[in-house]
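Given next are the chains, with one letter for each unit.
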Amino acid sequence: MTVKLVAKNIRKNFKDRLLFEFEQLTFCQGDVIYLQGDNGSGKSTLMKLIAGIIKPSAGTVTAEGFEPTKWWRKNSLLGKAVYLHQHAYLFDGSVEYNIRYALPKSQLSPQQQQERVEQAINMAQLGALLKSDATDLSGGERQRLAVARAWITQPKLLMLDEPISNMDKQSQKLVLAMINQLKQDGTGLLISSHQTCGLTALCQKHWHISEHKVVESNHIPRFEQSQEFHYVSAN
Ligand SMILES: Nc1ncnc2c1ncn2[C@@H]1O[C@H](COP(=O)(O)OP(=O)(O)OP(=O)(O)O)[C@@H](O)[C@H]1O
């Protein structure tokens, strides 16, 4: 069954300051949405709100089509959509440990898991770094590792917060290929970026935070694709 998160009549304030408000937004499996807004407009806050990490000042976010929430979970939204933070959170330990940590929740057979891990390592070009301590990675390498981890688990809904900011062209290309593959596999993607880039060109819907409103449209701002971007296949 297709899963979705529906946010209705939302307002988000920090104390007296209105950050944004909107009537309804739906984030559905198969959607590829570009979330645009200036620095400080509330992109990360909106994603965290949809992920159930923070609460709106008014309104509701509901999950539809998911397995029933376990009785011991107080927050029924947590875990429905994966939120990938701008500064990737990694576990203490090697790169390899961090990659394999994604696996226990996986539905795949051991052999399929192994293949997927190897494919992720290749796609993110992390082979030479497997034994390195994850905390020693550069910013771009950390982001690549974080996206590779998400790629392995194939979440139904994934939110990527500025996933290629501060990345060199090569890292951007690798991350683009992984995200493009997730798109092909039907993962719902919500991708924030304050400016258009190769990644936003993958999107089919546009959420724009402007003047404290979140406006939805099907018009994606054009990205003048330079020669550096072309989507390499994962296979
Ligand atoms: N817990 C909080 N308490 C008070 N203000 C907050 C809190 N979290 C965020 N803000 C403020 O809300 C505004 C929006 O922050 P947010 O990180 O959502 O913006 P953003 O659009 O993702 O920005 P950027 O593009 O710079 O990452 C900022 O001005 C920020 O300082």
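Residues numbered from 1 in each chain as written. Predicted model: local features only at pLDDT ≥ 70, side-chain atom pairs only at ≥ 80, totals over all residues. Heavy atoms only, no water.

Per an unreviewed UniProt entry, the protein goes by the name ABC transporter domain-containing protein and belongs to Shewanella japonica.

Draft legend 1. Spotlight on the environment of L145. Summarising the element assignment, L145 is placed in helix α4 (residues 139–153). Along the primary structure L145 and L158 are separated by 13 residues, whereas in three dimensions their C-alpha atoms are 15 Å apart. Once you skip the residues sitting within four places of it in the chain, L145 turns out to touch L90, V95, N98, I99, L126, A134 and L137. (Helix = DSSP H or I, 4+ residues; strand = E, 2+ residues; numbered from the N terminus. Contact = heavy atoms within 4.5 Å.)

Draft legend 2. Representation of the pattern of salt bridges. Applying the stated criterion across every chain yields a total of four salt bridges. Of the charged contacts in the structure, one is a salt bridge between K205 and D31, with a shortest N-O distance of 3.1 Å. Highlighted residues: K205 in strand β8 (residues 205–210) and D31 in the loop between β2 (17–28) and β3 (32–37), separated in sequence by 174 residues. What makes K205 partly exposed here is its relative accessible area of 23%. A relative accessible area of 10% means that D31 is categorised as buried. With a shortest N-O distance of 2.5 Å, E96 and K131 are connected by a salt bridge. Here E96, found in helix α2 (residues 95–100), pairs with K131, found in the loop between α3 (110–123) and α4; they are 35 residues apart in sequence, far enough to count as distant. The exposed category is assigned to K131, whose relative accessible area is 70%. Within this structure, E96, R100 and K131 form a network of salt bridges that share partners. (Salt bridge = Lys/Arg side-chain N within 4 Å of Asp/Glu carboxyl O. Buried < 20%, exposed > 50% of the residue type's maximum accessible area, 1.4 Å probe, protein only.)

Draft legend 3. Quick look at the site of the ligand. Neighbouring residues of the ligand: 13 residues in total, closest G40, G42, K43, S44 and T45. S44 is positioned such that a nitrogen or oxygen atom in its side chain is 2.8 Å from an oxygen atom of the ligand. Out of a free accessible area of 640 Å², the ligand has 59% covered by protein chains. The set of elements that each furnish at least two residues to the shell around the ligand consists of β2 and α1 (43–51). Considering every element that reaches the shell around the ligand, the biggest residue donor is α1, with three residues. Its residues placed into classes, the shell around the ligand shows two nonpolar, seven polar and four charged. (Near = heavy atom within 4 Å. Polar contact = N/O pair within 3.5 Å; in protein donor to acceptor, adjacent residues only side chain to side chain. Areas by Shrake-Rupley, 256 points an atom, 1.4 Å probe, with all protein chains shown as cover. Nonpolar A, V, L, I, M, F, W, Y, C, P; charged D, E, K, R; others polar.)

Draft legend 4. Just α1, in detail. For α1, the buried fraction is high: seven of the nine residues fall into the buried class. Two residues or fewer after α1 comes G52, characterised by a positive phi angle close to 85°.

Draft legend 5. Here's a closer look at a nonpolar patch on the surface. A cluster of nonpolar side chains, namely F91, Y97 and Y101, defines an oily patch on the protein surface of about 300 Å² accessible area. Relative to the assigned elements, Y97 resides in helix α2. Here Y97 falls in the partly exposed class, since its relative accessible area comes to 41%. (Patch = residues over 30% accessible without salt bridge, like charges linked within 9 Å, V, L, I, M, F, W, Y side chains within 5 Å.)

Draft legend 6. Focus on the packing of α4 against helix α5 (residues 169–184). α5 packs onto α4 with a crossing angle of 15° between their chain directions and a minimal axis gap of 10 Å. What the angle tells us is that α4 and α5 run roughly parallel. Classified by chirality, the crossing of α5 by α4 is left-handed. Here R144, V147, A148 and W151 of α4 come into contact with α5, specifically with S171, L174, V175, M178, I179, Q181 and L182. Residue composition of the contact of α4 with α5, grouped by class: eight nonpolar, two polar and one charged. (Axes fitted to C-alpha atoms, helices over the stretch in contact; angles between N-to-C directions. Parallel < 35°, antiparallel > 145°, perpendicular 65-115°, else oblique. Left-handed = near helix turned anticlockwise from the far one by under 90°.)

Draft legend 7. How the structure looks around the side chain of R149. Within the secondary structure layout, R149 lies in helix α4. Buried and unpaired, R149 has no salt bridge, with D92 as the nearest side chain of opposite charge at 10 Å. Beyond its immediate chain neighbours, meaning those up to four positions away, R149 contacts Y89, L90, F91, N98, I99 and A102. (Lys, Arg positive; Asp, Glu negative; His and termini not counted.)

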